[in-house]
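# Coordinate inspection notes
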Amino acid sequence: MTDTATRDETREAANARAFSRMTGAEPVLRDIRPAIDALPGMSPDLILTSGPAMPFEEYSGGQREALIGGALYEGLAGDRQQAIERLRAGTIRIGGCHEYGAVGSLAGIYTASMPVFVVENTSRGNIGFCNIYEGTDPERLNYGVYNEKIHRRLKYIADVVSPAIARAVRDTGGIPLKPLMVRALHMGDELHSRNTAAALLFLRELVPAFLRRARNGDNDIDAAVQAMTEDHYFFLRLSMAAAKVAADAAHNVGGSSLVTGMAFNCRGFAIRVSGLGDLWYTGPHADVSARLFDGFSEADITWMGGESPITETIGLGGFAQAAAFPLQRYQGGSAQKMIERNLALYRITEGENPDFRIPALDYRGTPTGIDIFRVIETGIQPVMDIGIAGRNGGQIGAGIVRAPLDCFKAAVDDFRHQISNSVLRESNPEEG
């Protein structure tokens, strides 16, 4: 057997292990706590944001504005100019969400006092985090806008809404998320751009605890229920945290070429790969096909980060698009196009998810476990469902994006290089 055949068999075995860990994850919501109390390594002077971390001067547009807003919200600076100076000097530090076991939507800002979902993968014990949905206003900190109205909303979420939900979650002893996600896929969600069913199913899990607490005088239950039901996106952050622990369970499997993270920042798109450690492989911005809100054009589209494609990494979102035909009204396209895109993605993934299934495809498991080699061999770009940010901040639409091939090619090249060096070291141990 040739060295190439042996390496291919080794990679196939490693991918099977990573796939098993990913699909075998059992995410359970344990708590909601301030980031400073939940995230390992979080500190008062640290702001987390989406994508591979960069020096402050490399951030631009909405992501830069969100970092400044996060500093002001947390009281790390007295005014905008002081925030900029301290971010430049490194007195206020910047980190990448993934480095701290977290994922962020759009700009993905975490500061020390912000509440986060704490989700445990009970099959392996790893923990993941996602911050709480800010609300319905198109202008939000994670969309690159900060003002007094947004400050008040963030404080309301931190001081009223999140504690009320956290108390109820603790009363339940923990809420398994996978059963809710499985059922939501059968009710028209794909768990990224559409979470309508999942949000209501999650609320149902909390109703008994909410009622008990309301009878005992908890006056914040009304606020919590309103925040959870005022639109259909509350569950997205739970979906992201669940996907994070599943993807992390599959990370650092030696020899595996499966993708365990996909993220944007204002500079471009990036992936990380199970068998390649914590390196990020970067490329240009993704290709966009979107339905924009009235009054906006393609010239208004901008990039300010985003790690919600962690859902696609584990076979949800764009990889379960055929389960969510109602998305046509939100992000355009057609049911037939959704099916065609979904079917193509089976060609670049390790296997079919044993739990996440698509009714329109006769309950076929979603394509799960993106293989960098299959992406390059087929030229099929991973598809993601996302919200579209505007150059002046805020959300201006929704649509699909296709990951650039450049980062997959860079990862494949590095994978082959590392494998070749490994074989060389095994052949010449005295040189290792």
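Residues numbered from 1 in each chain as written. Predicted model: local features only at pLDDT ≥ 70, side-chain atom pairs only at ≥ 80, totals over all residues. Heavy atoms only, no water.

Here the focus is the overall build of the protein. Along the protein, the regular secondary structure elements total 14 helices and 16 strands. Looking at the protein as a whole, 57% of its 432 residues qualify as buried. Within the protein, contacts between residues at least 6 apart in sequence are counted, and of these 71% link residues at least 24 apart. Each charge class in the protein can be summarised by its mean position, and for the 43 positive and 52 negative side chains these summaries are 3 Å apart. (Helix = DSSP H or I, 4+ residues; strand = E, 2+ residues; numbered from the N terminus. Buried < 20%, exposed > 50% of the residue type's maximum accessible area, 1.4 Å probe, protein only. Contact = heavy atoms within 4.5 Å. Lys, Arg positive; Asp, Glu negative; His and termini not counted. Charge placed at Lys NZ, Arg CZ, Asp CG, Glu CD.)

For soluble globular proteins, nonpolar side chains are generally found buried alongside one another. Of all hydrophobic cores here, the largest spans 79 residues; its most connected members are Leu39, Ile165, Leu177, Phe202 and Phe235. Among all residues touching Ile165, those that are not within four sequence positions of it are Ile32, Leu206, Phe210, Ala224, Met228 and Phe234. Counting residues in each nonpolar core, the second largest holds 31 residues, with Trp303, Ile348, Ile370 and Ala403 among its members. (Core = buried A, V, L, I, M, F, W, Y, C linked by side-chain atoms within 4.5 Å.)

Turning next to the packing of helix 6 (residues 178-185) against helix 7 (residues 196-215). Remark: helix 6 packs on helix 7, axes separated minimally by 9 Å, with the N-to-C direction vectors making an angle of 140°. In terms of orientation, helix 6 and helix 7 fall into the oblique class. Pair helix 6 / helix 7 crosses with right-handed handedness. Mapping the contact onto sequence places Leu180, Arg183 and Ala184 in helix 6 and Ala197, Ala198, Leu201, Phe202, Arg204 and Glu205 in helix 7. Classifying every residue of the contact of helix 6 with helix 7 gives six nonpolar, no polar and three charged. (Axes fitted to C-alpha atoms, helices over the stretch in contact; angles between N-to-C directions. Parallel < 35°, antiparallel > 145°, perpendicular 65-115°, else oblique. Left-handed = near helix turned anticlockwise from the far one by under 90°. Nonpolar A, V, L, I, M, F, W, Y, C, P; charged D, E, K, R; others polar.)

Okay, the sheet that holds strand 9 (residues 268-273) next. With antiparallel pairing, three strands are arranged side by side in an open sheet as 8-9-10. Lying at the two open borders of the sheet, with one neighbouring strand each, are strand 8 (259-265) and strand 10 (281-283). In this sheet, adjacent strand axes meet at a mean angle of 20° when their direction is disregarded. With three bridges connecting them, strand 9 and strand 10 associate as antiparallel partners. (Pairing = 2+ DSSP bridges.)

What follows covers the sheet that holds strand 6 (residues 127-131). The strand order across the open sheet built from five strands is 4-6-5-1-7, with neighbouring strands paired in mixed fashion. The open sheet has two edge strands, strand 4 (102-103) and strand 7 (175-176), and neither has a second partner. Along the sheet, helix 5 (residues 148-172) contacts strand 1 (27-34), strand 5 (115-121) and strand 7; its crossing angle with strand 1, the most-contacted strand, is approximately 140°.

Next up on the list: the packing of aromatic side chains. In the structure shown here, the tally under the stated rule is eight aromatic pairs. Pairing Tyr133 with Tyr233 gives two aromatic rings, centres 6.4 Å apart and planes at 40°, and the pair type is tilted. Of this pair, Tyr133 sits in the loop between strand 6 and helix 5 while Tyr233 sits in the loop between helix 8 (221-229) and helix 9 (236-249); the two residues are 100 residues apart in sequence, bridging distant segments of the chain. Each of the two residues, Tyr133 as well as Tyr233, counts as buried. Three or more aromatic residues joined by ring pairs make a cluster, and in this case those are Phe117, Phe202, Phe234 and Phe235. Between the NZ or CZ atom of Arg11 and the centre of the ring of Phe373, over which it lies, the distance is 3.8 Å. (Phe/Tyr/Trp six-rings, centres within 6.5 Å; stacked < 30°, edge-to-face > 60°. Lys NZ or Arg CZ within 6 Å of the ring centre and 35° of its normal.)

In this section: the pairing of strand 5. Summarising burial for strand 5: six of the seven residues are buried, a large majority. Of the pairings in the sheet, the one linking strand 1 to strand 5 comprises seven bridges and is antiparallel in character. When the sheet's bridge partners are listed, Pro27 is paired in strand 5 with Asn121. Where strand 5 hands over to strand 6, the hairpin turn is made up of five residues, of which Gly125 adopts a positive phi near 90°.

Let us now look at the side chain of Asn142. Position of Asn142 relative to the elements: it lies in the loop between strand 6 and helix 5. Under the relative-accessibility criterion, Asn142 is labelled buried at 4%. With residues near it in sequence (within four places) discarded, Asn142 still touches Ser105, Leu106, Ala107, Gly108, Glu134, Arg237 and Met304.

This part takes up the environment of Tyr156. By secondary structure assignment, the location of Tyr156 is in helix 5. Considering only alpha carbons, one finds Tyr156 and Arg170, 14 residues apart in sequence, at a separation of 20 Å. Once residues within four sequence positions are removed from consideration, Tyr156 is found in contact with Val161 and Ala223.

Summary statistics for the protein give a mean pLDDT of 93 and a share of 95% for residues scoring 70 or more. Per-residue pLDDT stays below 50 along residues 423-432; that stretch engages in three contacts with residues further than four places along the chain or on separate chains. (pLDDT = per-residue confidence, 0-100.)

Among all positions of helix 4 (residues 80-89), only Ala83, Ile84 and Leu87 are buried. In a view along the axis of helix 4, the buried residues occupy a sector of 100°, so they form one face of it. Where helix 4 is buried, its residues touch helix 3 (61-74) and strand 3 (93-96). The N-capping residue of helix 4, defined by a side-chain oxygen 3.3 Å from the backbone nitrogen of Gln81, is Asp79. (Arc of directions from axis to C-beta. Polar contact = N/O pair within 3.5 Å; in protein donor to acceptor, adjacent residues only side chain to side chain.)

Looking now at helix 3. Under the 1.5 Å per step criterion, the end-to-end length of helix 3 is 20 Å for 14 residues, consistent within 8% with the ideal 20 Å. Most of helix 3 sits inside the fold, with 10 of its 14 residues counted as buried. All of the buried residues along helix 3 are Gly62, Gln63, Arg64, Ala66, Leu67, Ile68, Gly69, Gly70, Ala71 and Tyr73. Where helix 3 is buried, its residues touch strand 2 (46-49), helix 4, strand 3, helix 5 and strand 8. Two residues or fewer after helix 3 comes Gly75, characterised by a positive phi angle close to 75°. (Expected span 1.5 Å × (residues − 1).)

On to the pattern of salt bridges. Counting across every chain of the model gives 25 salt bridges. Note that Arg88 and Glu57 form a salt bridge whose closest N and O atoms lie 2.6 Å from each other. Placement of Arg88 in helix 4 and of Glu57 in the loop between strand 2 and helix 3 is noted, with a sequence separation of 31 residues between them. Lys409 is the partner of Asp413 in a salt bridge, and the nearest nitrogen-oxygen pair spans 3.1 Å. Placement of the pair is Asp413 and Lys409 together in helix 14 (residues 405-427), with a separation of four residues, close to one helical turn. A relative accessible area of 47% means that Lys409 is categorised as partly exposed. (Salt bridge = Lys/Arg side-chain N within 4 Å of Asp/Glu carboxyl O.)

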